[in-house]
Amino acid sequence: MIANHKQRLGVMLVAPALIFTIVCFLLPVAALLLEAFRVGGPDSLDGAALHWSLERFYHFFADPLNRQVFMRTLRIAILVTLFAALLSYPAAQAIVQVSPRWRGLVLGMMILPLMVSPIARTYAWIVLFGRNGAVNAVLLHLGLADEPQRLLFSEMAVFVGLLQLLLPLMLMSLVSSMENISRDITLAASTLGANAWQVFSRVTLPLTQEGLIVGGTLVFTGCVTAYVTPALLGGPKVLMLETLLYQKVSVESDFGSANVIAVILVAMTLAVNAGLKRIAAPRSSK
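Here the structure is a predicted model, which is why all the values come from computation and not from measurement. (Residues numbered from 1 in each chain as written. Predicted model: local features only at pLDDT ≥ 70, side-chain atom pairs only at ≥ 80, totals over all residues. Heavy atoms only, no water.)

Trainee: Requested: an account of the overall build of the chain, with residues and values cited.
Mentor: Along the chain, the regular secondary structure elements total 13 helices and two strands. For a compact globule of 286 residues, the expected C-alpha radius of gyration is about 19 Å, and the chain comes in at 24 Å, more than 25% above that figure. Its C-alpha atoms give the chain principal-axis dimensions of roughly 80 × 75 × 35 Å. Counting the 286 residues in the chain, one finds 34% classified as buried. A separation of at least 24 residues holds for 68% of the contacts in the chain among residues at least 6 apart in sequence. With an accessible surface of roughly 17,300 Å², the chain has 69% of that area assigned to carbon and sulfur atoms. Taking the average location of the 20 positive side-chain charges in the chain and that of its 14 negative ones, the two points are 13 Å from each other. (Helix = DSSP H or I, 4+ residues; strand = E, 2+ residues; numbered from the N terminus. Rg over C-alpha atoms; globule rule 2.2 N^0.38 Å. Buried < 20%, exposed > 50% of the residue type's maximum accessible area, 1.4 Å probe, protein only. Contact = heavy atoms within 4.5 Å. Areas by Shrake-Rupley, 256 points an atom, 1.4 Å probe, with all protein chains shown as cover. Lys, Arg positive; Asp, Glu negative; His and termini not counted. Charge placed at Lys NZ, Arg CZ, Asp CG, Glu CD.)

Trainee: Which residues make up the nonpolar core, and what values do they have?
Mentor: Across soluble globular proteins, you tend to see nonpolar side chains buried next to one another. With 51 residues, the main nonpolar core has Val-80, Leu-162, Leu-241 and Ile-264 as its most contacted residues. Those elements that provide at least two residues to this core are helix H2 (55–62), helix H3 (64–96), helix H5 (118–129), helix H7 (155–178), helix H9 (196–207), helix H10 (209–225), helix H12 (241–250) and helix H13 (255–285). Looking at which element gives the most residues to this core, the answer is H7, with twelve residues. Other than its neighbours up to four places away in sequence, Val-80 contacts Phe-159, Leu-162, Leu-163, Val-219 and Cys-223. (Core = buried A, V, L, I, M, F, W, Y, C linked by side-chain atoms within 4.5 Å.)

Trainee: I'd love a proper account of a nonpolar patch on the surface, names of residues and values included.
Mentor: On the surface, a nonpolar cluster with roughly 1,000 Å² of combined accessible area is contributed by Leu-9, Leu-13, Val-14, Leu-18, Ile-19, Ile-22, Val-23, Phe-25, Leu-26, Leu-27 and Val-29. Here Leu-18 is to be found in helix H1 (residues 2–35). (Patch = residues over 30% accessible without salt bridge, like charges linked within 9 Å, V, L, I, M, F, W, Y side chains within 5 Å. Salt bridge = Lys/Arg side-chain N within 4 Å of Asp/Glu carboxyl O.)

Trainee: Tell me about the packing of helix H8 (residues 183–191) against H9, and name the residues and values.
Mentor: Two elements in contact, H8 and H9, have axes separated by 10 Å at closest approach and are oriented at 160°. By the angle class used here, H8 and H9 are roughly antiparallel. Handedness of the crossing formed by H8 with H9: right-handed. Within the contact between the two elements, H8 uses Ile-185, Thr-186, Ala-189 and Ser-190 and H9 uses Val-199, Val-203, Thr-204 and Leu-207. Classifying every residue of the contact of H8 with H9 by side-chain character gives five nonpolar, three polar and no charged. (Axes fitted to C-alpha atoms, helices over the stretch in contact; angles between N-to-C directions. Parallel < 35°, antiparallel > 145°, perpendicular 65-115°, else oblique. Left-handed = near helix turned anticlockwise from the far one by under 90°. Nonpolar A, V, L, I, M, F, W, Y, C, P; charged D, E, K, R; others polar.)

Trainee: Summarise the layout of surface pockets; cite the residues concerned and give the values.
Mentor: By volume, the second largest pocket is sized at about 430 Å³. In terms of lining residues, the second largest pocket is bounded by 16 residues, among which Gln-93, Gln-97, Arg-183, Thr-186 and Thr-204 are the most central. Mapped onto the lining of the second largest pocket, the elements with two or more residues apiece are H3, H8 and H9. When the residues that make up the lining of the second largest pocket are grouped by side-chain class, the tally is seven nonpolar, six polar and three charged. (1 Å grid on protein atoms, 1.4 Å probe; cavity = no way out; pocket = protein on both sides within 12 Å on 5 of 7 lines; lining within 4 Å. Points joined across faces, edges and corners; volume = space filled by probe spheres on them.)

Structure, rendered in structure tokens:
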């Protein structure tokens, strides 16, 4: 009886937050996503009857520009996620080996970039990548270029900006996972004859796969949904799905295509999360 009373009390405490989430988040998002599959109806210009189909998706991907933007967004997001993981693993291993006295300072420096506005950080890259910026100055000084290069409004600029913007998310996820690994485990593996790569691939990587899944999902989602950084560093020449969605709504008033892009963004995020979990599943089952 006491257990039932505690269970009912728990439900009563959770109910307000659950109702708020459903009414203010889930239902509007579901209505927005379902709109991409609705064709015809009273608002249709040709008077077609209301029905549900993938017609809008077919027309969206039939446009070569839309296909190019989709592939560019997917490519940049995958590369940023991959490089974020490659850079974060050695950095996370170094952070967890710092003495507890200084670890708080290091973690604070790691979180500090997240406290700076993405707009400010993106404008900093505009200054660095400009024709008279520091990057071109270094290239000219080292003799790697005869004249200032056009670094802005390129996929490279968008990639670097997104990597710097989202790298702390991957780093924090991996640090949290590595802090739970006992140092005795890695020492035991080394004692039994495992080299550095074997310790990482057979001990560290399987034990930090949850952090990798969370960090990978956060970084990939941040890449495909980022607007400010691609808009400022890529400009009109390097469109991504978010900047294309903005054009569809604000310039063309094409809300149907905007709904399609929203569904694609959600589907890409869910697919990447499921893919990361599927890759990690065989390791956890061994």
